[in-house]
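Coordinate inspection notes
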Amino acid sequence: MKNNRKNREAFAEHSFWQSYSDMMAALLLIFILIIAITLAIYKQKTSDLEQTRLDLSAAQEQLDATRADLESSRAEIEQQNKELEESLAQLQQAYAQAALTQEELDQAYLEIANAQAELSATRSELQNIVGIRTDLIGELQNTFENSSMTVDAQTGSITFSADVLFRYNSATLTSQSRSTLREVIPKYLEVLLQDQYREYIAEIIIEGHTDTDGGYLSNMELSYNRASAVAKFCLDEENGLGQEKIEQLQELLTVNGRSYSEPVYETDAAGAQTGEIDMAASRRVEIKFRLKEDEMIEKISSILQQQ
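A short tour of the structure in this document, coming up. In this text, all values refer to a predicted model and were calculated from it rather than measured experimentally.

1. What to know about the sheet that holds strand 2 (residues 201–209)
Judged by pairing direction, the sheet is mixed, and its four strands sit side by side in the order 1-6-2-3 without closing on themselves. Looking along the sheet, the strands with just one partner apiece sit at the ends: strand 1 (158–161) and strand 3 (253–257). Averaged over all adjacent pairs, the angle separating strand axes in this sheet is 20°, with direction ignored. By the bridge criterion, eight bridges tie strand 2 to strand 6 (residues 284–291) in an arrangement that is antiparallel. Its bridge partner lying in strand 6, Glu 207 is registered against Glu 286. Strands in contact with helix 6 (residues 216–234) are strand 2, strand 3 and strand 6; relative to strand 3, the strand with the most contacts, it is inclined by about 155°.

As structure tokens, then:
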């Protein structure tokens, strides 16, 4: 009996220490587990913190870059605003300089309209002159159709051989030449001085020409004197023209001496120039005319420049 009690006490004592040991082992295990979990959490938090720091650093760099871009954009905008203000100022100045009152505009439009009307009238007159030249040359050719005198189809001029009109080196008309001139000149000038043509005639020209024999100046004097002799003949009432036509002719007549500046060259059978001067043909007196087309062209150019 006594032995059984001792055994129970010994067993109970053993069980107490056994339970205490198990409890402490469990507590140690729990403590170790808590430390491991804590370390794991700390490591995770540290890793997260480092990542967050890196993200913040990247965000800061991006923010700095964005801020720099904003500063640059602001500077550009300020520059553009400045340029815009300058442009507006220039535009306002231009508007102020270009501004016209209604009265000035009306005057400008009126001047343009007048210029256009003048241009139209001048063009019409020029077209008339072109037609007049054709008509005038045609009538001159008809007038001398049955005559030995030939009218140039391009210029309407007529040419007298100096050998027919004058003796050698002389500027005095021969009696025979006077008869020839009375036959030709009144007819030629009567056509030019007709009412439908006279207003378009700018000039009637008598030109003297010589051959190349002798000096230029002496031939210039001779050619002018011969042209002047023919002009005096034309202005003499006894030679076919009435006083009214003579007065009209005086307003238009020009006398020129050309010496040998425009010689006539010989031609071959094909009509090509040979380069040899035809001395007899070079000694001549030409009567020709100039229409007002040059003045009309100059007038049109002036109007166009004004517009």
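This is not the end of the story, as more comes after the structure.
2. Concerning the packing of aromatic side chains
A complete count under the given rule lists one aromatic pair for this structure. With centroids separated by 5.3 Å and ring planes inclined at 85°, the aromatic side chains of Tyr 216 and Tyr 260 adopt a geometry described as edge-to-face. With Tyr 216 in helix 6 and Tyr 260 in the loop between strand 3 and strand 4 (265–267), this pair connects stretches of sequence that are 44 residues apart.

3. Description of the environment of Ser 223
Structurally, Ser 223 can be placed in helix 6. Residue Ser 223 is classed as buried on the basis of its relative accessible area of 0%. Each C-alpha atom, one on Ser 223 and one on Arg 283, is 8.7 Å from the other, the two residues being 60 residues apart in sequence. Not counting residues within four places of it along the chain, the set of residues in contact with Ser 223 comprises Gly 208, His 209, Thr 210, Asn 256, Gly 257, Arg 258 and Ser 259.

4. Section: the side chain of Arg 283
Among the secondary structure elements, Arg 283 is positioned in the loop between helix 8 (279–282) and strand 6. Not counting residues up to four positions away in its chain, the partners in contact with Arg 283 are Phe 160, Ser 161, Ala 162, Asp 163, His 209, Thr 210 and Asp 211.

5. Considering the pairing of strand 5 (residues 273–277)
As defined by bridge partners, strand 4 adjoins strand 5 across two bridges and the pair is classed as antiparallel. The partner of Tyr 265 across the bridge, within strand 5, is Ile 277. The turn linking strand 4 back onto strand 5 is made up of five residues, and Gly 271 within it adopts a positive phi angle of 90°.

6. Overview of helix 7 (residues 243–252)
Counting along an α-helix, one turn takes 3.6 residues, and residues three or four places apart therefore face a common direction. Within helix 7 the residues assigned to the buried category are Lys 245, Ile 246, Gln 248, Leu 249 and Leu 252. Looking straight down helix 7, one finds its buried side chains confined to an arc of 160°; they lie on one side. Looking at helix 7, the residues exposed on the side facing more than 90 degrees away from the buried face are Glu 244 and Glu 251. At its buried positions, helix 7 is contacted by helix 4 (175–192), helix 5 (195–198), strand 2, helix 6 and strand 3.

7. As for the pattern of salt bridges
This structure, assessed with the given rule, holds 11 salt bridges. With its nearest N and O atoms 2.4 Å apart, the salt bridge here joins Arg 53 to Glu 50. With Arg 53 and Glu 50 both in helix 1 (residues 2–98) and three residues apart, the pair spans about one turn of that helix. By relative accessible area, which is 35% here, Glu 50 ends up partly exposed. Here the salt bridges do not stand alone but share partners, grouping Glu 207, Arg 258, Glu 262 and Lys 288 into one network.

8. Side note on unusual backbone geometry
In this structure, Asn 169 is a non-glycine residue whose phi angle is positive, near 60°. Considering the arrangement of structural elements, one finds Asn 169 in the loop between helix 3 (162–165) and helix 4. On the basis of relative accessible area, Asn 169 is assigned to the exposed category, the value being 57%. Although it is not a glycine, Ser 259 sits at a positive phi angle of roughly 50°. Relative to the elements of secondary structure, Ser 259 occurs in the loop between strand 3 and strand 4.

Criteria and thresholds
- Note on numbering: residues in each chain are counted from 1, in written sequence order.
- Selection of residues for local features in this predicted model requires a pLDDT of at least 70, selection of side-chain atom pairs for listing and counting requires 80 or more, and totals for whole chains, interfaces and linings are taken over all residues.
- Where side-chain values are given, they derive from all heavy atoms of the structure, hydrogens and water being excluded.
- A pair of strands is treated as paired once DSSP finds two or more bridges between them.
- Runs of E in the DSSP output that reach at least two residues are strands. Runs of H or I that reach at least four are helices, and both are numbered from the N terminus.
- Here the axes come from fitting lines to C-alpha atoms, over the contacting stretch only for helices, and the angles between their N-to-C directions go from 0 to 180 degrees.
- Residues count as neighbours in contact if any of their non-hydrogen atoms are within 4.5 Å of one another.
- Centres within 6.5 Å make a pair out of two Phe, Tyr or Trp rings, where for Trp the six-membered ring is used; the pair is then stacked when the planes are under 30 degrees apart, edge-to-face when over 60, and tilted otherwise.
- When accessible area is computed with a 1.4 Å probe and restricted to protein chains, residues below 20% of their type maximum are described as buried, those above 50% as exposed, and intermediate ones as partly exposed.
- What the arc covers is the set of directions going from the helix axis to the C-beta atoms.
- Any carboxyl oxygen of Asp or Glu that lies within 4 Å of a side-chain nitrogen of Lys or Arg is treated as forming a salt bridge with it.

Geometric values such as these leave the question of function open.
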